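# Close look at the chain arrangement
So you can see what is in the structure, the chains are spelled out below.
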Amino acid sequence: MPQIKKAVIVGASSGIGYEIAKILISKGWSVGIAARRSDKLDELKAIAPDRVKTEFIDVTTADAPANLQSLIDKLCGMDLFFLSSGIGFQNSDLKPDVELNTAITNVEGFIRMTTAAFNYFKVHNGGHLAIISSIAGTKGLGVAPAYSATKRFQNTYIDALEQLSNMQKLGIRFTDIRPGFVQTNLLNDNKHYPLLMLPEKVAQDIVKALEHNKRIAVIDWRYRLLVWGWKLIPRFIWKNLSIKTS
Ligand SMILES: NC(=O)c1ccc[n+]([C@@H]2O[C@H](COP(=O)([O-])OP(=O)(O)OC[C@H]3O[C@@H](n4cnc5c(N)ncnc54)[C@H](OP(=O)(O)O)[C@@H]3O)[C@@H](O)[C@H]2O)c1
């Protein structure tokens, strides 16, 4: 009998993480799900109570790695660590609190969780470490400075962890998921977002990318084209563009 695979998803209480958890549960995985809000986690647990374990994790607090370990213990191991927690806001008024809070979750919290997962895999013969960054990390976005910069940070951090893993021959696989606009609570600001994707479909694409061990997955194909052109825009043009949603 094939061994049941074990995944931990942090940020599974809504949006993309929630949908990924649903797919992995339906595929027979054992899944550890975590976030701050428990109602949606309990909903997921009800689907397969024997295979789904829950844990409170706030990535911005120092006890998050211990809580992650507790979740891994409940699952009796972890093959895939998937980090879906993140926040993001448009902040054209450049309110410092908004910028700093974004960095605390998307940088400090991100480091806290990815280092915990990396160090777990280091002593457990490798594993798969996957995160959701965004296409927003491609270049600095004037309407969302902290969001775009923190997403670029995440891209670079995973590049660095991959090199470190190879230097130390740890056998860890990495996937950096970069979606375009997805209809989740993150974009719940009454603005119009073009090329909006459904989280259910995005989660399907993400699971495929994980199954194919994709290193970087821009989702979907329209955004792959967009990012390709976006990267070619020279700075002297980029700095004068007005990119905003209404
Ligand atoms: N929606 C988009 O257009 C889009 C595009 C590209 C990338 N992304 C990225 O995709 C990821 C998932 O976002 P989403 O769109 O699915 O939004 P979402 O529905 O708001 O989900 C965000 C998840 O992150 C969790 N989270 C937030 N702060 C946390 C904290 N301090 N500790 C633990 N968990 C925390 C939330 O759970 P709790 O609040 O219950 O803790 C929730 O489960 C984010 O990294 C986001 O940047 C989204």
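Throughout what follows, the structure given in this document is the object of discussion.

Cut-offs used in this document
Residues numbered from 1 in each chain as written. Predicted model: local features only at pLDDT ≥ 70, side-chain atom pairs only at ≥ 80, totals over all residues. Heavy atoms only, no water. Helix = DSSP H or I, 4+ residues; strand = E, 2+ residues; numbered from the N terminus. Rg over C-alpha atoms; globule rule 2.2 N^0.38 Å. Buried < 20%, exposed > 50% of the residue type's maximum accessible area, 1.4 Å probe, protein only. Contact = heavy atoms within 4.5 Å. Areas by Shrake-Rupley, 256 points an atom, 1.4 Å probe, with all protein chains shown as cover. Lys, Arg positive; Asp, Glu negative; His and termini not counted. Charge placed at Lys NZ, Arg CZ, Asp CG, Glu CD. Salt bridge = Lys/Arg side-chain N within 4 Å of Asp/Glu carboxyl O. Polar contact = N/O pair within 3.5 Å; in protein donor to acceptor, adjacent residues only side chain to side chain. Pairing = 2+ DSSP bridges. Axes fitted to C-alpha atoms, helices over the stretch in contact; angles between N-to-C directions.

## What to know about the overall build of the protein chain
Scanning the protein chain from terminus to terminus reveals 8 helices and 7 strands. Here the protein chain has a C-alpha radius of gyration of 18 Å; the compact-globule value for 246 residues is 18 Å, and the two agree. Counting the 246 residues in the protein chain, one finds 50% classified as buried. Across the protein chain, the fraction of contacts at a sequence separation of at least 24, relative to all contacts at a separation of at least 6, is 65%. When the accessible surface of the protein chain is totalled, it reaches about 12,600 Å², and 56% of it is carbon and sulfur. For the protein chain, the distance from the average site of its 31 positive side-chain charges to the average site of its 22 negative ones is 7 Å.

## Let's talk about the pattern of salt bridges
The final tally for this structure, using the stated rule, is 11 salt bridges. For aspartate 93, the salt bridge is made with lysine 95, and the minimal N-O distance between the two is 4.0 Å. For lysine 95, a relative accessible area of 48% puts it in the partly exposed group. Ionic pairing is found between arginine 222 and aspartate 220, a salt bridge with its closest N-O pair at 3.0 Å. One connected set of salt bridges, linked through shared partners, spans Asp159, Glu162 and Arg215.

## Concerning the environment of threonine 150
Counting through the fold element by element, threonine 150 comes out in helix α5 (residues 145–167). Residue threonine 150 is classed as buried on the basis of its relative accessible area of 4%. Along the chain, threonine 150 and glycine 171 lie 21 residues apart, while their C-alpha atoms are 26 Å from each other. Excluding residues within four positions of it along the chain, threonine 150 makes contact with Thr102, Ala103, Asn106 and Val107. Side-chain polar atoms of threonine 150 contact the side chain of asparagine 106, separated by 3.3 Å. A polar contact of 2.9 Å, which involves the side chain of threonine 150, links it to the backbone oxygen of tyrosine 147.

## A closer look at unusual backbone geometry
That bond from isoleucine 219 to aspartate 220 is cis: its omega, 5 degrees, falls within 30 degrees of zero. One can find aspartate 220 in the loop between β7 (216–219) and α7 (221–232). One non-glycine residue, cysteine 76, adopts positive backbone phi at about 60 degrees. Checked against the element boundaries, cysteine 76 lands in the loop between α3 (64–75) and β4 (80–83). In this model, lysine 169 sits at a positive phi of 50 degrees, which is unusual for a non-glycine residue. Owing to a relative accessible area of 73%, lysine 169 belongs among the exposed residues under this scheme.

## A closer look at the sheet that holds β7
Read across the open sheet, the 7 strands follow the order β3-β2-β1-β4-β5-β6-β7; overall the sheet is parallel. Of all the strands in the sheet, the pair left with one neighbour each is β3 (52–56) and β7. The sheet shows a mean angle of 15 degrees between the axes of neighbouring strands, direction not considered. Of the strand pairs in this sheet, strand β5 (residues 127–132) and strand β6 (residues 172–179) are connected by 6 bridges, and their pairing is parallel. Bridged to isoleucine 132 within β6 is isoleucine 177.

In short, the description is geometric, and any link to function would need to be established separately.
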